[in-house]
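Each chain is listed here by its residues.
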Amino acid sequence: MSFNPMDSELTRRRLLQFLGALGITSVSGATLAGLEGAIREAHAQAAPGSVMPKLQAMSPNWPDMIEIWRQVTRDYAELGIDVEVQQGTLDTWVSQVVGEHKLPHLVSMSWGGAPDRMDPDFFLNEILNSKRAAKGGLNYGHYENPEYDKAANAQRVEVDEEKRRALVMEAQAIAAKDNPLMVLFHRDIIQAYNKAKFKGVTPIFGNGIGYPYAPLAYMGIEALTPRKMVKVTSIYDIASLNPFLTPEVYNSSILRLMYATFVTRDKDANIMPWAAESWTLVDPTTMDIVLRPNQTFHDGKPVTVEDVKFTFDYILKWKFPALARVVDSVKSAEITGDNTVRLKLNQPYAAFVPNVLGYAFIAPKHVWEKVPGDSGLASPADWPNDQPIGSGPWKYVEWRKGEYLNLAAHKEFFMPAKLDALVMLPVPAIENQIGMMERGEADVFGWTMDVTQGKRLGQNPEIEIVQTPTHGLHEIRFNLVMPPLDNPALRLALQHATDRKKYLDIIFSGAGTLANNSLITPVLKQWSNPDVPNPEPSLDKARQVLKDAGFTWDGNGKLKLPS
């Protein structure tokens, strides 16, 4: 199977996989009628020289998004542009905007800081490559520029880091000139822990101190009381204990606390060895992995290169959708030494180490070679795996759905946790999580809160608030195939009229990083292009851009289309 995941439109299965990754299992049609109306109105365009119709917008019905649109609507009104916003649930948004590419003029969304999004390949190719402009793809704004595609595709297969960096910079510069979207800001993660009971938390870029995306976050926590168990809250619970089943980022991250990946992220979010001691790119399509010696599974059996080869062979045989990135990139696995496995790749892949070796894990051959066996199951992904056996730093104890997941430290792990136990508590409401922290029922607030909530919780003398930057982002996407937003001057004017700092200050009390007209956060200095065209927030400049492009205003100050 050749490696080119963007060659075709996503199949329905891929779409469902994507919905699952966002934690969505069903689609409701509650607000579809309103969205359909907004799109019909957006398509109804006025004649040249007449007053520009209202711009129609679609947004998830989240408080931060509602406030963003409140500000945007006011600012654009100063230009004589009216905006009408249709709000919908996340499932409606995903099914219509991503699944069907049914969208009005403008669409807003925020993207979380999943680990594989630290590498620039995700945002550059998934959001803006023209190959992802088919239904189910994330380029739902239909940005198409062959020059951009050339740079974005080239960086994906360029394994020389400096050459790749230049291509990443070039792609950002090209997109910034075209203004296919407005990246607003990268909101900080605000979390908390009980400093009277614990020390040694490790803030990690994109992960904070409480998310499970980077296992290192929990490894250094030390108890200051006899209780060597830490309780961490989240808005989510896991849905499965089977690591071959789930693509959802929270669930898969929790499982990788038990099933060690080959590499992980250190406290500075750099790649560090984990189950692999080292790795070597022999040539652009050959990677040697050296397994860390003396590892054991949770049942005491040794971790061997036979387990590593078995895991890759198993994934390639069953083609698990949750591990599509492995199936797409790895051609074969071969044992070449006592601790070495050679992987042959389908084609060069610059993000292979962070996005494949940081996601694939080691499964015990002695357990999974019997699955599905004569169980009658169609796939090992259907196996409940209710007693998971991995080799990661935490081992399974008990899961009571909706109540807790109890893990014990795997003391034979090369970097053993300083605690004895880790308990994950699913608590859907943020205020309830805060209340549990205040009452001492939880030790680490593992989701994110706003500044006001943080200040209130931080008044408790036992609580420490920790603020961490992230590469996650808030954005507003233009529908580039729908007039009048196919006019680059109008898009540039809207960029000038969008005051990112004001929005960040009002909505998140300034807790975040302003975007610089690129999908890559300026915090990631090795990948962010600081020199891209970045329109200054100025209504005067916005008016001048519109005037130069032939727009005019009527006697009531309403913007008129060029004649």
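Residues numbered from 1 in each chain as written. Predicted model: local features only at pLDDT ≥ 70, side-chain atom pairs only at ≥ 80, totals over all residues. Heavy atoms only, no water.

### Section: the overall build of the protein chain
- Of the regular secondary structure elements, the protein chain holds 18 helices and 23 strands.
- At 25 Å, the protein chain has a C-alpha radius of gyration in line with the 24 Å of a compact globule built from 563 residues.
- Across the 563 residues of the protein chain, 56% fall into the buried class.
- Considering only residue pairs separated by 6 or more positions, the protein chain has 70% of its internal contacts joining residues 24 or more positions apart.
- Surface accessibility of the protein chain: about 22,000 Å² in total, with carbon and sulfur atoms responsible for 51%.
- Distance between charge centres in the protein chain, computed from 58 positive and 65 negative side chains, equals 1 Å. (Helix = DSSP H or I, 4+ residues; strand = E, 2+ residues; numbered from the N terminus. Rg over C-alpha atoms; globule rule 2.2 N^0.38 Å. Buried < 20%, exposed > 50% of the residue type's maximum accessible area, 1.4 Å probe, protein only. Contact = heavy atoms within 4.5 Å. Areas by Shrake-Rupley, 256 points an atom, 1.4 Å probe, with all protein chains shown as cover. Lys, Arg positive; Asp, Glu negative; His and termini not counted. Charge placed at Lys NZ, Arg CZ, Asp CG, Glu CD.)

### A word on helix H7 (residues 161-178)
- Taking 1.5 Å of rise per residue, the 18 residues of H7 would be expected to cover 26 Å, and the 26 Å separating its terminal C-alpha atoms lies within 8% of that figure.
- Taken residue by residue, H7 has Arg164, Leu167, Val168, Met169, Ala171, Gln172, Ile174, Ala175 and Ala176 as its buried positions.
- Each element contacted by the buried residues of H7 is listed here: helix H5 (120-128) and helix H6 (146-157).
- The N-terminus of H7 is capped by Asp160, whose side-chain oxygen sits 3.1 Å from the backbone nitrogen of Glu162.
- Backbone geometry just downstream of H7 places Asn179 in the positive-phi region, at approximately 50°. (Expected span 1.5 Å × (residues − 1). Polar contact = N/O pair within 3.5 Å; in protein donor to acceptor, adjacent residues only side chain to side chain.)

### Regarding the sheet that holds strand S11 (residues 276-283)
- One open sheet holds the four strands; their spatial order is S11-S12-S14-S13, and the pairing between them is antiparallel. Each end of this open sheet is capped by a strand with a single partner; those strands are S11 and strand S13 (330-335). Geometrically, the sheet is characterised by an average inter-axis angle of 20° between neighbouring strands, direction not taken into account. (Pairing = 2+ DSSP bridges. Axes fitted to C-alpha atoms, helices over the stretch in contact; angles between N-to-C directions.)

### Quick look at the sheet that holds strand S3 (residues 106-111)
- An order of S2-S1-S3-S20-S4-S21 is seen for the six strands of this open sheet, with the pairing classed as mixed. If you trace the sheet from one side to the other, it starts and ends with strand S2 (83-88) and strand S21 (512-514), each paired once. Direction aside, the axes of adjacent strands within the sheet are offset by 20° on average.
- Examined bridge by bridge, strand S4 (residues 181-187) and strand S20 (residues 473-478) share four bridges and lie antiparallel to one another. Across the sheet, residue Val183 finds its bridge partner in S20, namely Glu475.
- Contacts from helix H17 (residues 500-508) reach S4, S20 and S21, with the element oriented near 40° to S4.

### A look at unusual backbone geometry
- Residue Pro372 is bonded to the preceding Val371 through a cis peptide linkage, with omega at 5°.
- Within the fold, Pro372 resides in the loop between helix H13 (365-368) and strand S15 (394-400).
- Cis rather than trans, the peptide bond between Pro483 and Pro484 has omega equal to 5°.
- Positioned with a positive phi, Lys319 is a non-glycine residue whose angle comes to about 50°.
- With respect to the secondary-structure elements, Lys319 resides in the loop between helix H10 (305-318) and helix H11 (324-329).
- For Ser509, which is not glycine, the phi dihedral falls at a positive 50°.
- With respect to the helices and strands, the residue Ser509 is situated in the loop between H17 and S21.

### Some details on the pairing of strand S5 (residues 189-194)
- Burial within S5 is extensive, with six of its six residues counted as buried.
- Where burial is concerned, the two faces of S5 agree: the one with Ile189, Gln191 and Tyr193 and the one with Ile190, Ala192 and Asn194 are both buried.
- Across six bridges, S5 lies against strand S19 (residues 463-468) in antiparallel orientation. Directly across from Gln191, in S19, lies its bridge partner Val466.
- When S5 meets strand S18 (residues 444-445), the two strands line up antiparallel, connected through two bridges. For Ala192, the partnering residue across the bridge sits in S18 and is Phe445.

### Focus: the pattern of salt bridges
- Scanning the model with the defined rule gives 23 salt bridges in all.
- Of the charged contacts in the structure, one is a salt bridge between Asp121 and Arg156, with a shortest N-O distance of 2.6 Å. With a gap of 35 residues between them, Asp121 in helix H5 and Arg156 in helix H6 connect regions that are remote in the sequence. Both residues of the pair, Asp121 and Arg156, count as buried. (Salt bridge = Lys/Arg side-chain N within 4 Å of Asp/Glu carboxyl O.)

### Here's the deal with the side chain of Arg477
- Relative to the helices and strands, Arg477 resides in strand S20.
- For Arg477, a relative accessible area of 1% translates into the label buried.
- One polar contact links Arg477 to Tyr140, side chain to side chain, over a distance of 3.2 Å.
- A polar atom in the side chain of Arg477 sits 2.7 Å from the side chain of Glu475.

### Things to note about the confidence of the model for the protein chain
- On average, residues of the protein chain carry a pLDDT of 92, and 92% of them reach 70 or more.
- The model gives residues 1-16 a pLDDT under 50, and that stretch makes 29 contacts with residues more than four places away or in other chains.
- For the stretch residues 19-30, pLDDT sits under 50, and the model shows 20 contacts to residues farther than four places along the chain or on other chains. (pLDDT = per-residue confidence, 0-100.)

### Structural notes on the nonpolar core
- Core analysis: the biggest nonpolar cluster contains 78 residues, and Phe312, Leu343 and Trp394 have the highest contact counts within it.
- Top element by residues in this core is H10. It accounts for seven residues.
- Of all hydrophobic cores here, the second largest spans 69 residues; its members include Ala57, Val98, Ile476 and Leu494. (Core = buried A, V, L, I, M, F, W, Y, C linked by side-chain atoms within 4.5 Å.)

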